[in-house]
Amino acid sequence: MEKKNRISLNIICAAIIMLFVSASACTQQPSDDDAQLEAKVDSVMSLMTMEEKIGQMTLYTSGFDQTGPTVREGYKEDIRAGRVGAIFNAYGAEFNRSLQEMAVEETRLGIPLIFGYDVVHGHKTIFPIPLGETASWDMDLMQQTARVAAVEASAQGLHWTFAPMIDISRDARWGRIAESAGEDTYLTSKVSRAKVRGFQGTDLGANNTLVSTAKHFVAYGAAKAGRDYHTVDMSDRTLREVYLPPFKAAVEEGVGSFMTAFNEIGGVPATASEYLFTDILRGEWDFDGFVVSDYTAVNELIPHGVAADSAEAGALALKAGVDMDMQGAIYHKHLPDLLEEGVVSEDQINEAVRRILRYKFKLGLFEDPYRYSDTEREDELVLNEEHLDLAEETAQESIVLLKNNDNVLPLDENIGSLALIGPLADNQRELIGSWSAAGDYTDAVTLRKGIENVVSSGTEINYAKGADINSDDRSGFSEAVQVANRSDVVVMALGEAANMSGEAASRSEIDLPGVQQDLIREVLKTGKTVILVLMNGRPLDLTWEDENVPAILETWFAGTQAGPAIADILFGDDNPSGKLPVTFPRSVGQVPIHYDMKNTGRPMSENKYTSKYLDIPNSPLYPFGYGLSYTSFEYSDVNLDKTELTASDSLAVSVDVTNTGDVEGEEVVQLYIRDMTASVTRPVKELKDFKKIALAPGETSEVTFYLSHEDLEFYDIDMNWTVEPGEFKVFVGTNSRDVNDASFEYVTQ
Ligand code: GLC
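An account of the accompanying structure is given in this report. (Residues numbered from 1 in each chain as written. Predicted model: local features only at pLDDT ≥ 70, side-chain atom pairs only at ≥ 80, totals over all residues. Heavy atoms only, no water.)

1. Focus on the overall build of the protein
Along its length, the protein carries 23 helices and 27 strands. Each of the 749 residues in the protein was classed as buried or not, and the buried ones make up 61%. In the protein, once contacts between residues fewer than 6 apart in sequence are set aside, the share between residues at least 24 apart is 78%. Positive and negative side-chain charges of the protein, numbering 63 and 120 respectively, have mean locations separated by a distance of 4 Å. (Helix = DSSP H or I, 4+ residues; strand = E, 2+ residues; numbered from the N terminus. Buried < 20%, exposed > 50% of the residue type's maximum accessible area, 1.4 Å probe, protein only. Contact = heavy atoms within 4.5 Å. Lys, Arg positive; Asp, Glu negative; His and termini not counted. Charge placed at Lys NZ, Arg CZ, Asp CG, Glu CD.)

Below is the structure:
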């Protein structure tokens, strides 16, 4: 068909679509939203050929950024031919507009593309990596950062983010722990809700919101031995109690899409799992969004060994409930034949396409395919002052003070001289961490710059790199020792490279890489006071550092404003309040280690025949929920307003928390429970609530939590979701180890 005729047909078809849309719109009753949406979808579906439908089920990368093993040559021809409905890894108001024009102006029906990207912890303004941001335990803040990310991304032509990543992560060897909210189900579920609310806002049709994606469904973080993409095998009980809740929380918050996980679970690859995507996600949870595979995950059903060829892989994925094939081109290539052969049905294809078109309508793309490609908004919003201020605040809140012997910190801004040593001291690249998407590290403010902006003009800063992040080159040690010797105090910025965590970045060892620990040893020999500032994407084995260095700050990869934030903490302009969202082990040999372990039948004791190691304690170096402050907090005993709880009432749990130091500080008061005896074994602690409070010096605040039946529920021996009568302990404290406790009985009426 000649281009002129095709375009005129395209206009006619588009007019028919708009006619349907406007007709249904003018008859719209507020309660008819769903009916109207279905009418719009029906109108488009009725015009589509099967090839055009399958095109909507296909997602290709633009090659603008590469986030997986393959790139797609000729994706623009695919767009023009209507063979693709979604593009990812493309951003920029003008660039995305140019691709959208190909779809809207040059295809037969002009169905707009949806543009997706990994806007995980910021778009251009980069916030701390998710593991670090979760250390703030501030859900409002985490919702705000997702909101800002959506504002910036949607100003650059994006409609859809592949976030939040809500995989429970308990293995420090696994690189993607950096991208997670840590080890705890309750905390990750809170983060899941905050992120979906932040990204999606209250109106997906607004030009500053994104459809968000709950990923990776499911249990990707339980990869055997912490090796990325490795086998996952667990009981249905563990799956449902530990790994599923954050995803259910996302559905309850209205998340628009889900992404499949690469791993198998108990022999079934997630991308081929009807149990996950049909029985649980759509059957039990009534999810009405669309499911996208992860990068070529449909193709990977072949090496998994459940599909003999790509046609079979495509049939398995569609049958499981996967609506869109990311980058694999399997749906595009095989669905027509599979349909012809009766292996898949037209209904299966139609349902997948409807789910996708619903979100294109919800985004307003049929009304105005270009509303998200506004260069004026892009110029006004990206990396603006307000966003950078939020990035600095979030970085501050994410920093965890792990050690501060003799109150070495905070430093005096008028200090005479300061040695700044380490490969991360004057480094921009690593600051924005992994999955920093459109983030540009040249926008990041280094620690060196941050310190220079805080200290007095009379302070001499002596810098030396000292060593690489990950090499055996010791040639920089002497210069480092020299600058230390001529300075009053030493700040060492050490850790990992950003690419040593994230996807396909598992480590078998979790100590400081290269010769960085030897560098510390050499600098300590000068006798100077050393402060260790860590930048890393996972829990590290800091056992030696904890024994030898007087002050340690965990700053993760703190984002665009890392330098100012860390400097503010170092010099006391901000009091650290972060709490670990993940356990820091004494050794990689303890991994996986997490606070909510089971007691076992032989809990550790002096007796030889109990559950322990010969060479190290069972306890971690730093427990879940741990973090120090420049002030100190005292907790009263735990007070309960009753000693028995029934299904119809709630239990008030109160403590008085006092700031016993001489500076203002924030404290995350944490509440845990333990079900002492049940029809199945229960964890020794489970986080059930927390409150972040600010206290002036000497101030006392009564903090009260309310526990109800719902907080105690679990899967009993018959997998019923219930509460059994019996004794419960409740713990309140400053982390999962240092707590006060009380007991109550749950009684059935
Ligand atoms: C990657 C990741 C996934 C990401 C996708 C697109 O392989 O596993 O989290 O969203 O590809 O970049």
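And the narrative resumes.
2. With respect to the site of the ligand
Taken together, 14 residues sit near the ligand, with T67, D118, R176, H216 and D294 positioned nearest. Between the ligand and T67, the relevant distance is 2.6 Å, taken from an oxygen atom to a side-chain nitrogen or oxygen of the residue. Between the ligand and R176 there is a distance of 2.7 Å, counted from an oxygen atom to a side-chain nitrogen or oxygen. Coverage of the ligand by the protein chains reaches 100% of its 310 Å² of free accessible surface. (Near = heavy atom within 4 Å. Polar contact = N/O pair within 3.5 Å; in protein donor to acceptor, adjacent residues only side chain to side chain. Areas by Shrake-Rupley, 256 points an atom, 1.4 Å probe, with all protein chains shown as cover.)

3. Considerations on the nonpolar core
Among the nonpolar cores identified, the biggest contains 83 residues, and W160, F217, V218 and F258 are the most heavily contacted of them. A total of seven residues in this core trace back to one element, the largest contributor, which is helix α15 (residues 346-362). Apart from residues no more than four positions distant in its own chain, F217 is found in contact with L244, F247, F258, M259, T260, A261, A270, L276, F277, L281 and W285. Core analysis: the next-biggest nonpolar cluster, separate from the first, contains 78 residues, F477, M492, L519 and F571 among them. (Core = buried A, V, L, I, M, F, W, Y, C linked by side-chain atoms within 4.5 Å.)

4. Points about the pattern of salt bridges
Under the definition given, this model contains 42 salt bridges. A salt bridge links R354 to D42, with the shortest nitrogen-to-oxygen separation between them at 2.7 Å. Taken together, the positions of R354 in helix α15 and D42 in helix α2 (residues 33-45) put the pair 312 residues apart, joining distant regions of the chain. With relative accessibility at 15%, the residue R354 sits in the buried group. Given the relative accessible area of 38%, D42 is considered partly exposed. (Salt bridge = Lys/Arg side-chain N within 4 Å of Asp/Glu carboxyl O.)

5. Quick word on the packing of helix α9 (residues 236-243) against helix α11 (residues 274-284)
Two elements in contact, α9 and α11, have axes whose closest approach is 15 Å; the angle formed by their N-to-C orientations is 55°. One element, α9, and the other, α11, form an angle in the oblique class. Relative to α11, α9 is oriented so that their crossing is right-handed. Contacts between α9 and α11 involve D236, L239 and R240 from the former and Y275, I280 and E284 from the latter. Of the residues belonging to the contact of α9 with α11, the class tally is three nonpolar, no polar and three charged. (Axes fitted to C-alpha atoms, helices over the stretch in contact; angles between N-to-C directions. Parallel < 35°, antiparallel > 145°, perpendicular 65-115°, else oblique. Left-handed = near helix turned anticlockwise from the far one by under 90°. Nonpolar A, V, L, I, M, F, W, Y, C, P; charged D, E, K, R; others polar.)

6. Considering the sheet that holds strand β5 (residues 213-217)
Read from one edge to the other, the open sheet built from three strands follows the order β5-β6-β9, with strand pairing classed as parallel. Unpaired on one side and paired on the other, β5 and β9 (290-292) mark the two borders of the sheet. Sheet twist, expressed as the mean angle between neighbouring strand axes with direction ignored, is 25°. Direction of pairing for strand β6 (residues 257-260) relative to β9: parallel, over a ladder of three bridges. Among the inter-strand pairings, S257 is bridged to a residue of β9, identified as F290. Strands β5, β6 and β9 of the sheet are contacted by α11, whose axis makes an angle of about 155° with β9. (Pairing = 2+ DSSP bridges.)

7. A look at the packing of helix α8 (residues 185-200) against helix α10 (residues 245-252)
Running from amino to carboxyl end, α8 crosses α10 at an angle of 25°, the nearest separation of the two axes being 8 Å. Between α8 and α10, the interaxial angle falls into the category roughly parallel. The chirality of how α8 crosses α10 is right-handed. On α10, the residues touching T185, T188, S189, S192, R193 and V196 of α8 are P245, P246, A249, A250 and E252. For the contact of α8 with α10, the class distribution of residues is five nonpolar, four polar and two charged.

8. Brief notes about the sheet that holds strand β10 (residues 325-326)
An order of β4-β3-β2-β1-β10 is seen for the five strands of this open sheet, with the pairing classed as parallel. Two strands close off the open sheet at either side, each with one partner strand: β4 (160-161) and β10. Note: strand β1 (residues 58-61) against β10, two bridges, orientation parallel. Bridge pairing in β10 links T58 to D325.

9. Considering α15
If you check α15, its first and last C-alpha atoms are 24 Å apart, about what 17 residues at 1.5 Å a residue would give, namely 24 Å. Across the 17 residues of α15, twelve count as buried, placing the element largely inside the fold. When we look at burial in α15, the residues that qualify are I349, N350, A352, V353, R354, R355, I356, L357, R358, Y359, K360 and F361. Following α15 by one or two positions, G364 adopts a phi angle in the positive range, close to 80°. (Expected span 1.5 Å × (residues − 1).)

10. Description of the pairing of strand β27 (residues 739-746)
Inspection of the sheet shows strand β19 (residues 644-645) paired to β27 by two bridges, in the parallel sense. Following the sheet pairing, L645 is matched in β27 by Y746. Two strands pair when backbone bridges link them, and strand β26 (residues 726-733) and β27 are joined in this way by eight bridges, in the antiparallel orientation. Within the sheet, the bridge partner assigned to E727 lies in β27 and is E745. Hairpin connection, β26 to β27: the antiparallel pair is bridged by five residues.

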